[in-house]
Each structure stands twice: as structure tokens, then as C-alpha cells.
Amino acid sequence: MHDTQSTSLAIIVMGVSGSGKSSIGEKAAARLGLRYVEGDALHPAANVEKMSKGIPLTDEDRWPWLDVIGQEIAASLAKGEGIAVSCSALKLVYRERLRGAAGGHLYFIYLDGSKELLTRRMGERKGHFMPSSLLESQLRTLEVPTGEPGVVTVSIDDTIDGIVEAALKGLAAIR
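Residues numbered from 1 in each chain as written. Predicted model: local features only at pLDDT ≥ 70, side-chain atom pairs only at ≥ 80, totals over all residues. Heavy atoms only, no water.

By the naming in an unreviewed UniProt entry, the protein goes by Gluconokinase and is assigned to Rhizobium rhizogenes NBRC 13257. Of the comments in the UniProt record for the protein, the one headed Pathway (unreviewed entry) reads "Carbohydrate acid metabolism." Here the protein is described in UniProt, under the heading Sequence similarities (unreviewed entry), as follows: "Belongs to the gluconokinase GntK/GntV family." (UniProt positions renumbered as here; feature names shortened; annotations may be inferred.)

Set out below in C-alpha cells:
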């Protein structure tokens, strides 16, 4: 994909904690010439505090956060600028809310991996507020986006560069 094709491209890099949303999002955005936004940085302080204590977020906790992400996407698209955002987007209703904010012009890169791989990756992270104890809750909440429009599913059982390459090829195929 060339930057000229990416000017109004909006992407959510999604998956449970430990799937690599930030790493993949940053590299994919750089390759596509998009602005990257770390979705975790948009969480209200109360959400970060809950997660830091190992308390799963509720839908009511997530709505304001999803709305801020939606506003970021809408603002970028209104300026004709592309954007990539990391966001767990675990449920269909969350993804639909984000699609609505983007005017329907939104792609998702779903990072898919085994529970064992995710657990190992979370154990290796340093300085992240999300404890590995919340992985079970996220896996129970996850509604896999298979069959939804604009979704590319990529296995995380590869290097970061390999995952990014697979994601970009998948995006090119559905655009």
C-alpha cells in the first residue's frame, strides 16, 4: 500500500491483552504513513486504576473510552488523515460503536493467539498496568470478529515484522 492510498485509512489493531496491539500498531502505522494512537493512553484514570488492581472493566467503564477513540478516528478522517489505534475492541457492540464513529470507514486487524502464548507474553512485559490475571476475563469477553466486514485476522505466532507483513497483505486484499 502506498501513502496516497492511506491518507484516509482508519485502522483498529485489536485483540486481548498481550496480543501485541501496541507493537504491531506502531509498526503498521509507520509502514502505512499513518498517525498512531495508543488506545491505552486514552483510558480514564479510573479504568487504569481498576485494571491495575486486577478488576475487569464493565461495559459502562468502556463506553467513554470507546467514545474518545471514536472521536480521535473521526477527527483524523475529517482532516483527510489516516490513523491507526490500538484498542482491545473485544465485543461486536464495541466494534460497531467504533465503526459508527468512523462513518463506517474502519478496518480491524485482529491479533489472534493461543492462551498459552498470550500468557507467556504478558508475563514477559515490564511496566504495563494490565496484570496477566485479567487475561481470563478478556478471553471470556472476546467475541471473535470472524466474518465481520473489514477485518483481517492475523496469527501472533510470528515475529513482529512477520505479523505486520501478514496484516498489511490482508488489508491490501480487502481494500
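## A word on helix α5 (residues 92-101)
Listed as buried for α5 are Tyr 94, Arg 95, Leu 98 and Arg 99. Axial view of α5: buried residues confined to an arc of 140 degrees, hence all on one face. On its buried face, α5 sits against β1 (10-14), α4 (59-78), β4 (107-112) and β5 (151-155). Positive phi shows up at Gly 103, right after α5, with a value of about 70 degrees. (Buried < 20%, exposed > 50% of the residue type's maximum accessible area, 1.4 Å probe, protein only. Helix = DSSP H or I, 4+ residues; strand = E, 2+ residues; numbered from the N terminus. Arc of directions from axis to C-beta. Contact = heavy atoms within 4.5 Å.)

## A word on the pattern of salt bridges
If you walk through the whole model with that rule in mind, you get twelve salt bridges. With its nearest N and O atoms 2.7 Å apart, the salt bridge here joins Asp 67 to Arg 97. Of the two residues, Asp 67 is situated in helix α4 and Arg 97 in helix α5; the sequence distance between them amounts to 30 residues. Arg 97 sits in the partly exposed class, given a relative accessible area of 34%. Here Lys 115 and Glu 136 are joined by a salt bridge, their closest N and O atoms 2.2 Å apart. On the criterion of sequence distance, the pair formed by Lys 115 in helix α6 (residues 115-124) and Glu 136 in helix α7 (residues 135-141) is long-range, its members being 21 residues apart. Lys 115 sits in the partly exposed class, given a relative accessible area of 40%. Judged by its relative accessible area of 33%, Glu 136 is partly exposed. By sharing partners, the salt bridges in this structure join Arg 95, Glu 96, Arg 99 and Glu 148 into a single network. (Salt bridge = Lys/Arg side-chain N within 4 Å of Asp/Glu carboxyl O.)

## Section: the sheet that holds strand β2 (residues 35-37)
Strand order across the open sheet formed by five strands is β2-β3-β1-β4-β5, with parallel pairing between neighbours. Here the strands that pair on one side only, and so sit at the sheet edges, are β2 and β5. Adjacent strand axes in the sheet meet at a mean angle of 20 degrees when their direction is disregarded. Bridge count between β1 and β4: four bridges; the pairing is parallel. Note on β4: the bridge partner recorded for Ile 11 is Tyr 107. Contacts between α5 and the sheet are confined to β1, β4 and β5, with β4 contributing the most and set at about 150 degrees to the helix. Against the sheet, helix α8 (residues 160-174) makes contact with β1, β4 and β5, and its axis sits at roughly 155 degrees relative to β5, the strand it touches most. (Pairing = 2+ DSSP bridges. Axes fitted to C-alpha atoms, helices over the stretch in contact; angles between N-to-C directions.)

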